[in-house]
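Notes for the structure review
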Amino acid sequence: MEYDFRAIEQKWQQEWVRRGTYKVTEDPDKPKYYVLDMFPYPSGAGLHVGHPLGYIASDIVSRFKRLQGYNVLHPMGYDSYGLPAEQYAIQTGQHPAVTTAKNIARYREQLDKIGFCYDWDREVRTCEPGYYKWTQWAFIQMFNCYYDNQADKARPIADLVARFEKQGTEGLNVCCTEELSFTAAEWKAKTEKQQQETLMNYRLTYLGDTIVNWCPKLGTVLANDEVSEGLSIRGGYPVEQKLMRQWCLRVSAYAQRLLDGLERIDWSDSLKETQRNWIGRSEGTEMQFKVKDSDVEFTIFTTRADTIFGVTFMVLAPESELVPVLTTPAQQAEVDSYLDAVKKRTERERQADRRVTGVFSGSYAVNPLTGQAIPVWISDYVLAGYGTGAIMAVPAHDSRDYAFAKHFNLPIIPLIEGCDVSEESFDAKEGIMMNSGFLNGLTVKEAIQRTKQYVTEHHLGRVKVNYRLRDAIFSRQRYWGEPFPVYYKDGMPYMLDESRLPLELPEVSDFKPTAQGEPPLGHAKNWKTPEGYPLELNTMPGFAGSSAYYLRYMDPHNDQALVSKEANDYWQQVDLYVGGTEHATGHLIYSRFWNKFLYDLGYVCQDEPFKKLVNQGMIQGRSNFVYRIKETNTFVSYGLKDQYETTAIHVDVNIVSNDVLDIEAFRAWNPEYQTAEFILEDGKYVCGWAVEKMSKSMFNVVNPDSVVEKFGADTLRLYEMFLGPLEASKPWDTNGIDGVHRFLKRLWNLVAAGDGFAFSDEKATAAELKSLHKLIKKLTWDIEHFSFNTAVSAFMICLNELGKCNKREIIQPLIVLLTPFAPHICEELWQASGGEGSVCDAQWPVCNEAYLVENTAVYSISFNGKTRFTMEFPMDATAQEIEAQVLANEQAQKYIEGRTPRKVIVVPKKIVNIVL
RNA sequence: GCCGGAAUGGUGGAAUGGUAGACACGAAGGACUUAAAAUCCUUUGGCCAUCGCGGCUGUGCGGGUUCGAGUCCCGCUUCCGGUACCA
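We now turn to the structure provided with this report. Computed from a prediction, not measured in an experiment: that's the story for all the values here.

**Overview of the packing of helix α24 (residues 766–784) against helix α26 (residues 808–818)**
Where α24 contacts α26, the two axes come as close as 10 Å, and the packing angle between them is 15°. It follows from the interaxial angle that α24 and α26 lie roughly parallel. Pair α24 / α26 crosses with left-handed handedness. Residues E768, L769, L772, L775, I776 and L779 of α24 form the contact with α26, whose own contacting residues are E809, I810, P813, L814 and L817. A class-by-class count of the residues in the contact of α24 with α26 yields 9 nonpolar, no polar and 2 charged.

Put into structure tokens, the structure is as follows:
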């Protein structure tokens, strides 16, 4: 009987659906295990072979855990709001919901063909009202909370209001946009609108003024990568920096907890490090500087308070609110023209063009320690969004300040003994202080501590921790996203009552912005509350829907709660999360934030959402080339191309096999090549190759369907794992796929006989049992350690060792072991071998170490590190016994030649080294 | 610039400090076939060899630790990711 993978795979995929094999319910009697894939955005291009890599790995773990007796939650869904569907809608008029549904259907079809064990009853789609109800709900909860630094958690905003009524801001220690100060009486005197405005300063979702790239012609905010040289990429319209009122998420409130939480989760060091850098904790000092001949004071942040004696100028960010205050009339014109120039520059240009620019404000600050007057400059190398948007510049010990000082000819005062600042600054935090008054003679590290102390004692400032992590801008001027559950009254936003959720995305006549420059929702009819209040026109960004989806899978049909307490208590958190590193500073920060917020409010029982995270590597494309001889339609094979002058041309990898071109398919591929001639080597046309990004234009996109069609899903699954370590990036290269396909065929042929199967009931030999149990042991270890490539090899080794063995006693457990990797063939063989039910419900075999025990071990005998011969010893021989026997050995004596060995080393790894 | 990760045959890749190159692809040779496909067997890092004895050499480069280093330490080179005026 042939291994007809098409029939087998189709049969079992239908059977699994019919039997509900992968349906999961909470079962308190079984230990749980939650395996999650990062859900995909269903793009129009469908899946390529890179996508399933992580899905296959997680599927293997899910099936493995299930065979081990765990109750495994392994769901899948779609991140189905997003820009591409909307862009497509603008171009074609096709409703994004329609394209999205179509793409999802295509994804599902592709996923089904690979044989995943998802419980599709738990599918979620972020664009469905039943789902985004809970995204909106979470937004409301955040709006109604503030962050209490004392309690170190989010608390209801009502508590804050109560506090304001009692004692105003006195003794307040909370997260806010701006430090405010008012009394209880002042609070009560505020109008409703003023109170609401004040609370905005504390809410976890708030309307905040943010600088964005605004394109008036397109009527939308653009991301930095959508802007180049001050023009929009799409259309080439001018873009300006604009302060806009946007919804923001106070992610920064959780900065320290996001940092601390990393200690308790099992993620790769590199990913944790990326998050640490992104959060960017920095301990320093905030210092007050008085402005000369004025009452104005301002605050700067520095990590090098020790260099205070070397400050030769101050710098303000152009957007700083101090700029208008400190600009003197004499400098007004110059400052205005500088600010104008800066305003036109985008973030991107600012990054690309590092030329030193700046302007003198006309004012002087007073060094709080020396009393010296120091000029205050304005420059865009200081960022408004970090620290206080103002710095003290110490050119001798900061390279940026140094460049600025050199350019504008400002003084440079070295503060560390022996440092040379004639060519560049000395940025290292080491050495002995000089020119620094009371700090002289201290090391830099001592000086930092001493200055902190001094500044605090003399009330010149305070010790402060800053984070690089910014609040997330949460508004998009887009159609295809979650509507905000927000209406406006008297210009102030209010949350819809939860009973009105979900607030469904309305139909619009046009997906473009309105003529008035409003977001697309401005086209919606009756976009207001029943009371007539206008609803928010912005929609939420892509990461909104993906921030809590893992919780929804626990209880996907619940319309009373995001997740019931019972379901959450049972599933707790994701045990294994598999996905790409590209989400390190986006989704993986936001969902940790979101989860911690829900944890604070008691809606979830775990502080961290993802216990263990594994990043699968990217699958790159492997492009193939043909070489056309210049000015001809003749193509020369790779090995001979150097004899001609040729042009390399990308050729569709799907008509190339093992780097050999299918010439007929090539002629048919493009009319241009219909009459092509070929210069072959060994009767074949060999193509060149290169590793490139997988993309249509390189003709190197391989989709899983074509592989499944040709080799079957089981082969695809095995091969993707066999390709190399899961976490490594590697090119998709089908050159080795025959190997794993052959492995499956060999296994099949072992038990296939005539029209049926033949399993032998003969007792297994010791050698066969040893092979099997070696495999059990290695596989268990490999799957637990995500070493899937060596796991696949282990099967091949085992099969090689077993030879022609078709004994049920050996093959049946082997089928169970293979099930996570190649479930379809295993179901078929399991049934053929007389196994009960589905192999998915079988039991993972346990390694019996007794079969692995060796009676004797072969030792390599080396002299001065060179292996000369081998000897056999009983397993339990002691080092002393081995040493004595080796030295007495006749052959050894030949090498020793009467000398006394200086040292004899017996290594448990079966090596004896004799040093002469 | 800073932070990660990597470098092993023709190729993908194995190797708790212990026989480097498992496993697989490719290639070469052979068996079975009229033939091809499929399948099976043998060889396969390089160099030398009186090719079935054996020898030398070999994990990006230069040092070091060790009886012993692909693996650990120090110093480089190259490549790939991430991040970037964060004071």
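**Considering the side chain of Q616**
Structurally, the position occupied by Q616 is in the loop between β21 (610–615) and β22 (619–629). Taking the relative accessible area as the measure of exposure, Q616 reaches 17% and is therefore buried. For Q616, the side chain forms a polar contact with the main-chain nitrogen of G580, separated by 3.3 Å. Ignoring sequence-local partners within four residues, the contact set of Q616 consists of L53, G54, V578, G579, G580, L726 and E727.

**Here we look at the environment of K102**
Its place among the elements puts K102 in helix α4 (residues 96–114). Taking the relative accessible area as the measure of exposure, K102 reaches 52% and is therefore exposed. Sequence separation between K102 and D600 is 498 residues, and the spatial gap between their C-alpha atoms is 39 Å.

**So, a negative patch on the surface**
On the surface, D420, E423, E424 and D427 cluster together into a negatively charged patch. Relative to the helices and strands, D420 resides in the loop between α14 (399–408) and α15 (444–457). Residue D420 is classed as exposed on the basis of its relative accessible area, which comes to 53%.

**A closer look at helix α22 (residues 713–722)**
Burial analysis of α22 places 9 of its 10 residues in the buried class, which makes it a mostly covered element. Residues A713, D714, T715, L716, R717, L718, Y719, E720 and M721 constitute the buried set of α22. Looking one or two residues past α22, G724 carries a phi angle of roughly 160°, positive in sign.

**Here's the deal with the packing of aromatic side chains**
Throughout the structure, instances matching the rule amount to 63 aromatic pairs. With 4.9 Å between their ring centres and 70° between their planes, F164 and F182 make a pair best called edge-to-face. Taken as a pair, F164 in helix α6 (residues 157–167) and F182 in the loop between α6 and α7 (184–189) lie far apart in primary sequence, 18 residues in all. Look at F786 and F788: their rings are 6.0 Å apart centre to centre, the planes differ by 85°, and that puts the pair in the edge-to-face class. Note on accessibility: F786 and F788 belong to one class, buried. Pairwise contacts between aromatic rings join F139, F143, W247, F474, F484, F543, Y590 and W594 into one cluster. The ring of W267 has R592 lying over it, and the distance from NZ or CZ to the ring centre is 5.7 Å.

**Thoughts on the pairing of strand β18 (residues 486–489)**
Of the pairings in the sheet, the one linking β18 to strand β19 (residues 492–495) comprises 4 bridges and is antiparallel in character. From the neighbouring strand, Y487 faces β19, where its bridge partner is Y494. Once β18 ends, the chain turns through 2 residues before running back antiparallel as β19, passing D490 with a positive phi of about 60°.

**Side note on the pattern of salt bridges**
When the charged atoms of two side chains lie near each other, side chains of opposite charge can form a pair. Counted under the stated rule, the structure contains 45 salt bridges. One salt bridge connects K11 with E828, and the closest N-O pair in it is separated by 2.9 Å. Of this pair, K11 sits in helix α1 (residues 5–19) while E828 sits in helix α27 (residues 823–832), and the two are 817 residues apart along the sequence. Ionic pairing is found between E608 and K596, a salt bridge with its closest N-O pair at 2.9 Å. In this pair, E608 sits in the loop between α19 (587–600) and β21 while K596 sits in helix α19, placing the two residues 12 residues apart along the sequence. Both residues of the pair, E608 and K596, count as buried. Residues participating in the shared-partner salt-bridge network are R257, R264, R592, K596, D600, D607 and E608.

**Some thoughts on the sheet that holds strand β1 (residues 32–37)**
Reading across from one edge, β2-β1-β20-β21 is the order of the 4 strands in this open sheet, with parallel pairing throughout. The open sheet has two edge strands with one neighbour each: β2 (71–73) and β21. The sheet shows a mean angle of 20° between the axes of neighbouring strands, direction not considered. For β1 and strand β20 (residues 574–579), the ladder comprises 3 bridges, and the chain directions are parallel. Opposite D37, over in β20, you have V578 as the bridge partner. Contacts from α19 reach β20 and β21, with the element oriented near 175° to β21.

**Some words on the packing of helix α3 (residues 83–92) against α4**
At a minimum axis distance of 9 Å, the contact between α3 and α4 shows a crossing angle of 125°. Judged by the inter-axis angle, α3 sits oblique to α4. As α3 runs across α4, the sense of the crossing is right-handed. Where α3 abuts α4, its residues A85, E86, Y88 and A89 lie against P96, T99 and T100. Here the contact of α3 with α4 is built from residues that sort into 4 nonpolar, 2 polar and 1 charged.

**Let's talk about helix α2 (residues 52–67)**
Taking 1.5 Å as the rise per residue, α2 with 16 residues should run 22 Å; its terminal C-alpha atoms sit 22 Å apart, in good agreement. Most of α2 is tucked away: 15 of the 16 residues are buried. G69 sits one or two residues past α2 and shows a positive phi near 100°.

**Things to note about the state of the cysteines**
Within the structure shown, the criterion is met by 0 disulfides. You can see C805 has no disulfide; the closest cysteine sulfur is in C798, sitting 8.9 Å from it. The structure places no disulfide on C847, whose sulfur is separated from the nearest cysteine sulfur, that of C798, by 12 Å.

**Quick notes on the environment of L747**
Looking at the element boundaries, L747 is found in helix α23 (residues 737–751). Exposure remark for L747: the relative accessible area of 1% places this residue in the buried category. If sequence neighbours within four positions are ignored, L747 has contacts with L799, L814, L818 and L829.

**Let's talk about the environment of D497**
Among the secondary structure elements, D497 is positioned in the loop between β19 and α16 (542–546). A sequence separation of 30 residues divides D497 from W527, and the C-alpha atoms of the two residues are 16 Å apart. In this structure the side chain of D497 is engaged in a polar contact, spanning 2.6 Å, whose partner is the side chain of S499.

**Details of unusual backbone geometry**
Negative phi values dominate among residues other than glycine, just as trans dominates among peptide bonds. The omega torsion of the bond from L501 to P502 falls at -5°, within 30 degrees of zero and hence cis. Here P502 shows up in the loop between β19 and α16. A positive phi angle is found at N435, which is not glycine, with a value near 55°. Note on placement: N435 falls in the loop between α14 and α15. The phi angle at E631 is positive, at roughly 65°, despite the residue not being glycine.

Conventions and cut-offs
- Every residue gets a number counted from 1 within its own chain, in the order that chain's sequence is written.
- Each chain is given a letter, starting from A, and each ligand a number, starting from 1, according to the order in which they appear as written.
- Reporting in this predicted model follows two pLDDT cut-offs: at least 70 for local features of residues, and 80 or more for side-chain atom pairs to be given and counted; totals over whole chains, interfaces and linings ignore these cut-offs and use all residues.
- Values shown for side chains rest on all heavy atoms present in the structure; no hydrogens or waters enter the calculation.
- Axis definition: a line fitted to C-alpha atoms, over the contacting stretch in the case of helices. Angles run 0 to 180 degrees between N-to-C directions.
- Numbering of helices and strands runs from the N terminus, with a helix taken as a DSSP run of H or I at least four residues long and a strand as a DSSP run of E at least two residues long.
- For classification purposes, angles smaller than 35 degrees are called roughly parallel, those larger than 145 roughly antiparallel, those between 65 and 115 roughly perpendicular, and all remaining angles oblique.
- Handedness of each helix crossing follows the sense of rotation of the near helix against the far helix: counterclockwise by less than a right angle gives left-handed, clockwise gives right-handed.
- Residue contacts follow a heavy-atom distance rule, with two residues in contact if any of their heavy atoms lie within 4.5 Å.
- All residues other than Ala, Val, Leu, Ile, Met, Phe, Trp, Tyr, Cys, Pro, Asp, Glu, Lys and Arg, Gly among them, are scored as polar; the first ten of these are nonpolar and the last four charged.
- When accessible area is computed with a 1.4 Å probe and restricted to protein chains, residues below 20% of their type maximum are described as buried, those above 50% as exposed, and intermediate ones as partly exposed.
- Distance and chemistry together define a polar contact, namely a pair of N or O atoms within 3.5 Å, with one atom able to donate a hydrogen and the other to accept it when in protein, and with adjacent residues in sequence counting only for side-chain atoms on both sides.
- Patch membership is restricted to residues that have no salt bridge and whose relative accessible area is over 30%. Joining uses 9 Å for like charges and 5 Å for the nonpolar side chains Val, Leu, Ile, Met, Phe, Trp and Tyr.
- Using a 1.4 Å probe, accessible areas were evaluated by the Shrake-Rupley method; residue-level cover was limited to the displayed protein chains.
- One speaks of a salt bridge when a side-chain nitrogen belonging to Lys or Arg is within 4 Å of a carboxyl oxygen belonging to Asp or Glu.
- None of His or the chain ends enter the tally, which takes Lys and Arg as positive and Asp and Glu as negative.
- Charged groups are reduced to one reference atom each: NZ for lysine, CZ for arginine, CG for aspartic acid, CD for glutamic acid.
- When two rings of Phe, Tyr or Trp (its six-membered ring) have centres within 6.5 Å they constitute a pair, described as stacked for plane angles under 30 degrees, edge-to-face for angles over 60, and tilted for the intermediate range.
- A positively charged side chain is recorded as over a ring if its NZ (Lys) or CZ (Arg) lies within 6 Å of the ring centre. The angle to the ring normal must also be within 35 degrees.
- Pairs of strands are assigned from DSSP output, requiring at least two bridges between the strands.
- To estimate the expected span of a helix, subtract one from its residue number and multiply by 1.5 Å.
- When two cysteine sulfur atoms are found within 2.5 Å, that pair is recorded as a disulfide.

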